[in-house]
Protein chains: 2
Amino acid sequence: MEQVGSSERNRRSARGLSRDLVVDSALRFIDLHGAQGLSMRKLAQDLGVEAMSLYRYVTGREDILEAVVTRLLGGVTEALDTQLAQTWQGYLQTLAHTVRDLAMQHPRAFPLVATRHPAAPWLRPPLRSLDVVEHFLTTLTGFGFDDDRVVGVYRSFTSFLLGHLLLEAALHGAETSPVEEPMDEGDAQVGNRDADVVLPADSEVLRLRDKLSEDHGEEEFEIALETLLDRIELQVSQ
Amino acid sequence: MEQVGSSERNRRSARGLSRDLVVDSALRFIDLHGAQGLSMRKLAQDLGVEAMSLYRYVTGREDILEAVVTRLLGGVTEALDTQLAQTWQGYLQTLAHTVRDLAMQHPRAFPLVATRHPAAPWLRPPLRSLDVVEHFLTTLTGFGFDDDRVVGVYRSFTSFLLGHLLLEAALHGAETSPVEEPMDEGDAQVGNRDADVVLPADSEVLRLRDKLSEDHGEEEFEIALETLLDRIELQVSQ
DNA sequence: ACCTGAACACCGTTCAAGT
DNA sequence: ACCTGAACACCGTTCAAGT
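- Identification of chain A as TetR family transcriptional regulator from Micropruina glycogenica is taken from an unreviewed UniProt entry.

1. Things to note about the packing of helix α3 (residues 61-82) of chain A against helix α4 (residues 88-105) of chain A
Residue and element names in this part refer to chain A.
And then number 1: Remark: α3 packs on α4, axes separated minimally by 10 Å, with the N-to-C direction vectors making an angle of 145°. Relative to α4, the crossing made by α3 is right-handed. Across the interface between the two elements, L72, L73, V76, A79 and L80 from α3 touch Y91, T94, L95, T98, V99 and L102 from α4.
And then number 2: Residue composition of the contact of α3 with α4, grouped by class: 9 nonpolar, 2 polar and no charged.

2. With respect to the packing of aromatic side chains
The description of an aromatic ring pair rests on the distance of the ring centres and on the angle between the ring planes.
Residue and element names in this part refer to chain B.
And then number 1: What the rule picks out here adds up to 12 aromatic pairs over all chains.
And then number 2: Centre to centre, the rings of F136 and Y154 are 5.6 Å apart; their planes meet at 55°, and the pair counts as tilted. Of this pair, F136 sits in helix α6 (residues 130-142) while Y154 sits in helix α7 (residues 147-176), and the two are 18 residues apart along the sequence.
And then number 3: For F136, a relative accessible area of 0% puts it in the buried group.
And then number 4: What makes Y154 buried here is its relative accessible area of 1%.
And then number 5: Summarising the aromatic geometry, the rings of F157 and F160 are spaced 6.3 Å apart at their centres and angled 40° between planes, so their arrangement reads as tilted.

3. What about the environment of T94 of chain B?
Residue and element names in this part refer to chain B.
And then number 1: Along the chain, T94 falls in helix α4 (residues 88-105).
And then number 2: On a C-alpha basis, the gap between T94 and L84 in space is 8.9 Å, while along the polypeptide they are 10 residues apart.
And then number 3: Non-local contacts of T94, meaning those with residues more than four positions away in its chain, are made with L80 and Q83.
And then number 4: A polar contact of 2.7 Å, which involves the side chain of T94, links it to the backbone oxygen of G90.

4. What about the interface of chain A and chain B?
And then number 1: Facing the 49 residues of chain A at the interface are 49 residues of chain B.
And then number 2: Here chain A meets chain B over a buried area of about 4,600 Å², counting both sides, of which 68% is carbon and sulfur.
And then number 3: Counting the surface chain A buries against chain B, the share from its top three residues, W122, R155 and L212 of chain A, is 16%.
And then number 4: On inspection of chain A and its partner chain B, the count reaches 6 salt bridges.
And then number 5: Residues E220 of chain A and R155 of chain B are paired through a salt bridge, measuring 3.3 Å at the closest nitrogen-oxygen approach.
And then number 6: Those elements that provide at least two residues to the side of chain A that touches chain B are α6 (130-142), α7 (147-176), α8 (204-207), α9 (209-213) and α10 (217-237) of chain A.

Parameters and conventions
Every chain's residues receive numbers from 1 upward, in the order its sequence appears when written. As a convention, the first chain written is A and the first ligand written is 1, with the rest following in written order. Note on the predicted model: pLDDT of at least 70 is required for a residue's local features to be given, and 80 or more for side-chain atom pairs to be given and counted; whole-chain, interface and lining totals, by contrast, use all residues. Working from all heavy atoms in the structure, the side-chain values ignore hydrogens and water. Every axis corresponds to a line fitted to the C-alpha atoms, with the helix fit spanning only the stretch in contact, and the corresponding angles, defined between N-to-C directions, vary from 0 to 180 degrees. What counts as a helix is a DSSP run of H or I of at least four residues, what counts as a strand is a run of E of at least two, and both are numbered from the N terminus. Crossings are assigned a handedness: left-handed for a near helix turned anticlockwise from the far helix by less than a right angle, right-handed for a clockwise turn. Only heavy atoms matter for contacts: two residues are in contact if any of them lie within 4.5 Å across the pair. Side-chain classes follow a simple rule in which Ala, Val, Leu, Ile, Met, Phe, Trp, Tyr, Cys and Pro form the nonpolar group, Asp, Glu, Lys and Arg form the charged group, and the remainder, Gly included, forms the polar group. A pair of aromatic rings is counted whenever rings of Phe, Tyr or Trp (Trp by its six-membered ring) have centres within 6.5 Å, and the orientation is called stacked for planes under 30 degrees apart, edge-to-face for over 60 and tilted otherwise. Categorising residues by exposure relies on relative accessible area from a 1.4 Å probe, with only protein chains included: less than 20% of the type maximum marks a residue as buried, more than 50% marks it as exposed, and the intermediate range marks it as partly exposed. Throughout this description, a polar contact denotes any pair of N or O atoms lying within 3.5 Å of each other; where both atoms belong to protein, one of them has to be capable of donating a hydrogen while the other can accept it, and for residues adjacent in sequence the pair is counted only when both atoms sit in side chains. In short, buried area is how much 1.4 Å probe accessible area vanishes from two parts on joining, totalled over both. When a carboxyl oxygen of Asp or Glu lies within 4 Å of a side-chain nitrogen of Lys or Arg, that pair is called a salt bridge.

Spelled out as structure tokens, the structure:
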């Protein structure tokens, strides 16, 4: 029951290579195998071509990774342009959810957005794109924030997104990811589905393990977002 | 005016290899050149030995990286054991600052602590160590938190640390890092010290660039930490 | 017991050469 | 104009061999 859907030009692109196609293909590859597994040679193979051909469209591997990030964040700018907000609260909420959707749809690519070295110190991950940051600053300024407050909000908002989404994406990506080791049967003091971590028999971690493993990503995100907005509101009204 | 100090057993360890020495050396290498640059061969060279010798003490590159993380977080447990706290607020404050100190002292190694795949879903970066998490859970339980609240605090506390420290470490690490490209002179529409980012002439980013580049890492960290503690206090008293 | 040489299967990237 | 073969300088890792 494999979906084939909208990716009919997957392999053997019949001689029509292009930068867009390379980046598309790279993103798809990363979604499946992670950025670590992406090599010029394997990517080329997916495209039915030799590795060296890619260098016509791309200056190298780093260029591809950067382009993938840009592609992902391009979607965020688009989303913000279509549904425009009436209040700064609405704007931040939409932006937060758009980025969260991105992280959930591309859990294995999101670490790139979140952890690649920013090109400049004012490009804070995961809002790692000039377009998005520009949009952010002009919008908040438009809602009456003065310079200091815009910058302050930018800082706290990015920290919030990074802290909440990177971890959630990692968990989400781990589930999706192919099993690397076929689970050695002999290490369990208790029923231990947690890979190679050995738990002492009388630990708090063990006692709280199930509760700790619960996924409350979404509601925690919502609550933390609300808290952040409240905090900003207080600053503004002062 | 180079400091030589306490690293007299740097290269050519005179035939006394050991796992600790390998991990030590790896951490020092990563502090200087980042984890990306670490190869078995170069690390071995630093130790005055061939690459294959390392496999006596270490199962491979991944094992080394994991051991470096463990070493770094081991220091956190120690710090917590020596100065023990009277209140949960004091505890969380000490822990937060200990992890922040770690991030600032090893900005190029900290991404490992923060972004490597956790071995289990309840090991949330950057508290990526069974010992630290166990310490955290027992301490808070000892201060009277019930199970749900301990777990909730664990979640929000880790998100807070990740969001604030990963970015700060990246900025801190970028300053320390060796210059990769010798800065092409011809791309500046304005005095542009920000690598290859080209700013449109009438952008908000350009106008706010200096303010955006200011480093308020520490005070933001303090403020956000206070806010978090306040929020927890509210939950507890309910 | 501890280290190594040689080898294997991979990398990214360059460049001259093919069509 | 677009693609490629061959080559270079690197990787991580294995294994039989040295001392």
